[in-house]
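Breakdown of the fold
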Amino acid sequence: MMTKLINCKMKEIYFSPIEIKENPEEEKARCQFWHSMNIFAIQNMSLINLQRA
């Protein structure tokens, strides 16, 4: 059995956190988008269950 020694180096990433500020309109639009996606998914699952029945 042969073993091979692998030389590994670790990268270090430095960053400075920045606070992300969003407009209330953007947040509301995002929530509405995901809410509509959730409704579409529920409708799709219901149609699939009806087709299986």
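The following paragraphs examine the structure supplied in this document. (Residues numbered from 1 in each chain as written. Predicted model: local features only at pLDDT ≥ 70, side-chain atom pairs only at ≥ 80, totals over all residues. Heavy atoms only, no water.)

**Looking at the overall build of the protein**
The cut-off we apply is this: For helices the rule is a DSSP run of H or I covering at least 4 residues; for strands it is a run of E covering at least 2, with both sets numbered from the N terminus onward. Three exposure classes are used, based on accessible area relative to the maximum for each residue type with a 1.4 Å probe and protein chains only: buried under 20%, partly exposed in between, and exposed over 50%. The accessible surface values rely on the Shrake-Rupley method and a 1.4 Å probe; as for residues, cover is taken only from the protein chains in view.
Looking only at helices and strands, one finds 1 helix and 0 strands in the protein. Burial statistics for the protein: of 53 residues in total, 0% are counted as buried. For the protein, the accessible area works out to roughly 6,300 Å², and carbon and sulfur atoms hold 61% of it.

**Description of the pattern of salt bridges**
Let me state the cut-off plainly: Here, a salt bridge means any Lys or Arg side-chain nitrogen found within 4 Å of an Asp or Glu carboxyl oxygen.
This model, assessed by the stated rule, comprises 1 salt bridge. For R30, the salt bridge is made with E22, and the minimal N-O distance between the two is 2.8 Å.

**Thoughts on the packing of aromatic side chains**
Short version of the rule: Two rings belonging to Phe, Tyr or Trp (six-membered ring only in the last case) form a pair when the distance between their centres is within 6.5 Å. Interplanar angles under 30 degrees mark stacking, angles over 60 mark edge-to-face geometry, and anything in between is tilted.
Applying the stated criterion across every chain yields a total of 1 aromatic pair. Considering the side-chain rings of F33 and W34, the 5.0 Å spacing of their centres and the 75° angle between planes classify their relative orientation as edge-to-face.

**Digging into a nonpolar patch on the surface**
Which entries qualify depends on this criterion: Like-charged residues within 9 Å of one another, or nonpolar side chains (Val, Leu, Ile, Met, Phe, Trp, Tyr) within 5 Å, are grouped into patches, provided each residue has over 30% relative accessible area and no salt bridge.
Taken together, the side chains of F33, W34, M37 and F40 make up a nonpolar region of the molecular surface, amounting to roughly 450 Å² of accessible area. Looking at where W34 falls in the secondary structure, it is placed in helix α1 (residues 24–52).

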